[in-house]
Amino acid sequence: MTSSPKDAARTAQHSDAFRRVARTGFVMVGVVHIIIGAIAISIASGGGGDADQDGAMEQIRSTPIGGLLLAVVATALIALAIWQVASGMLASGKEPRKWGQRVKLIGIALAYLVIAGLALIFAFGGTVESEKTSQTLSAVVLSAPGGVVLLIVLGLSVAGVGVGFIVIGFTRGFEKTMDVPTGAARPGIVALGIAGYIAKGIAIAVTGVLFVVAAWTQDPEKAAGLDAALRSLTDLPFGRLVLWLVGAGLAIYGIFSMVRARYARM
């Protein structure tokens, strides 16, 4: 007897054990963002470090049980990605809305899988430089026919995702995916979500802008990933303060993700 992909998705979603592992994925997302936020605050205060995913993985690997922790990160994020895909397959509603929801959830799942892949690479002693990866991607796109336009579209798409996060923060759209408790805890959880989503949105949007700058100047070196995007904030008036606030916001997003592990609708 064969089962359809939707049957497999329902089986996954009805498994309490799988649900618990997937919830742990939110905790791991939180850990990564807290580390990135802390590194960004360090940079704003005159310190160093790579304020991106590979910088976070390096920090985790440097702990006494770093390899084991990275394996846990990868396992939990893969489970969370599978959960997102299953949710997309079981999305309901009219066709345009259903497919829009599927694309969104699959996109989120891919983001989780990228971080899981990084965790596995670092767990086995490897390294990945997000900065070089972004620059290589930009160079490849620029070398293609119509590459400048394609890279601008890519940059605007990434910036659009960032704007989406900011909008979710301001409108408290994250509450639609959670069972936020009533009572004294609610205002604190909502405040974490607002600050976290806005800060993450700013970081993603600036990353997208750097892709546009790379296309406009036809210099792939300009598109250097999240770390470069965060460092570029220091060029703004009161830039170090701005970077400090964004770093704190990313750490807050990490704390919110941990809270989400408890209250997410799954």
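Since the structure is predicted, the reported quantities are computational estimates derived from the model, not experimental observations.

What the rule picks out here adds up to five salt bridges. A salt bridge links R61 to E58, with the nearest nitrogen and oxygen atoms 2.8 Å apart. Here R61 and its partner E58 are both found in helix α3 (residues 53-61), three residues apart, which amounts to about one turn of the helix. The residue R172 makes a salt bridge to E175 at a minimum N-O spacing of 2.6 Å. Residue R172 is classed as partly exposed on the basis of its relative accessible area of 36%. One connected set of salt bridges, linked through shared partners, spans R172, E175 and R186.

Moving on, we come to the confidence of the model for the protein. If pLDDT is low for a region, its predicted coordinates should not be looked at in detail. Summing up the model confidence of the protein, the mean pLDDT is 87 and the portion of residues at 70 or higher is 92%. Mean pLDDT across the secondary structure elements of the protein bottoms out at helix α1 (residues 5-13), with 64, and peaks at helix α10 (residues 239-263), with 93.

Moving on to the packing of aromatic side chains. Inspection of the entire model under this criterion finds seven aromatic pairs. Arranged with centres 5.2 Å apart and planes meeting at 70 degrees, the rings of F174 and F256 form a pair that is edge-to-face. Taken together, the positions of F174 in the loop between α7 (147-171) and α8 (185-217) and F256 in helix α10 put the pair 82 residues apart, joining distant regions of the chain. Among the residues examined, F256 registers a relative accessible area of 0% and is labelled buried. Where Y197 meets F256, the ring centres are 5.9 Å apart and the plane angle is 75 degrees; that geometry is what we call edge-to-face. Of this pair, Y197 sits in helix α8 while F256 sits in helix α10, and the two are 59 residues apart along the sequence. Every member of this aromatic cluster is reached through a ring pair, and the members are F165, F174, Y197, Y253 and F256. In this structure, K200 packs its charged tip against the face of F165, placed 5.5 Å from the ring centre.

Let us look at the environment of I166. You can see I166 is positioned in helix α7. Between the C-alpha atoms of I166 and Y197, which are 31 residues apart in sequence, the distance is 5.9 Å. Those residues within four positions of I166 in sequence are excluded, and the remaining contacts are Y197, I198, G201 and I202.

Counted at 1.5 Å a residue, the expected span for α7 with its 25 residues is 36 Å, and the 36 Å between its end C-alpha atoms agrees. All of the buried residues in α7 are G147, L151, G155, A159, G162, F165 and G169. Lining the buried residues of α7 we find α6 (130-143), α8 and α10. One or two steps after α7, the chain reaches R172, where phi turns positive at roughly 60 degrees.

Parameters at a glance
- Residues numbered from 1 in each chain as written.
- Predicted model: local features only at pLDDT ≥ 70, side-chain atom pairs only at ≥ 80, totals over all residues.
- Heavy atoms only, no water.
- Salt bridge = Lys/Arg side-chain N within 4 Å of Asp/Glu carboxyl O.
- Helix = DSSP H or I, 4+ residues; strand = E, 2+ residues; numbered from the N terminus.
- Buried < 20%, exposed > 50% of the residue type's maximum accessible area, 1.4 Å probe, protein only.
- pLDDT = per-residue confidence, 0-100.
- Phe/Tyr/Trp six-rings, centres within 6.5 Å; stacked < 30°, edge-to-face > 60°.
- Lys NZ or Arg CZ within 6 Å of the ring centre and 35° of its normal.
- Contact = heavy atoms within 4.5 Å.
- Expected span 1.5 Å × (residues − 1).

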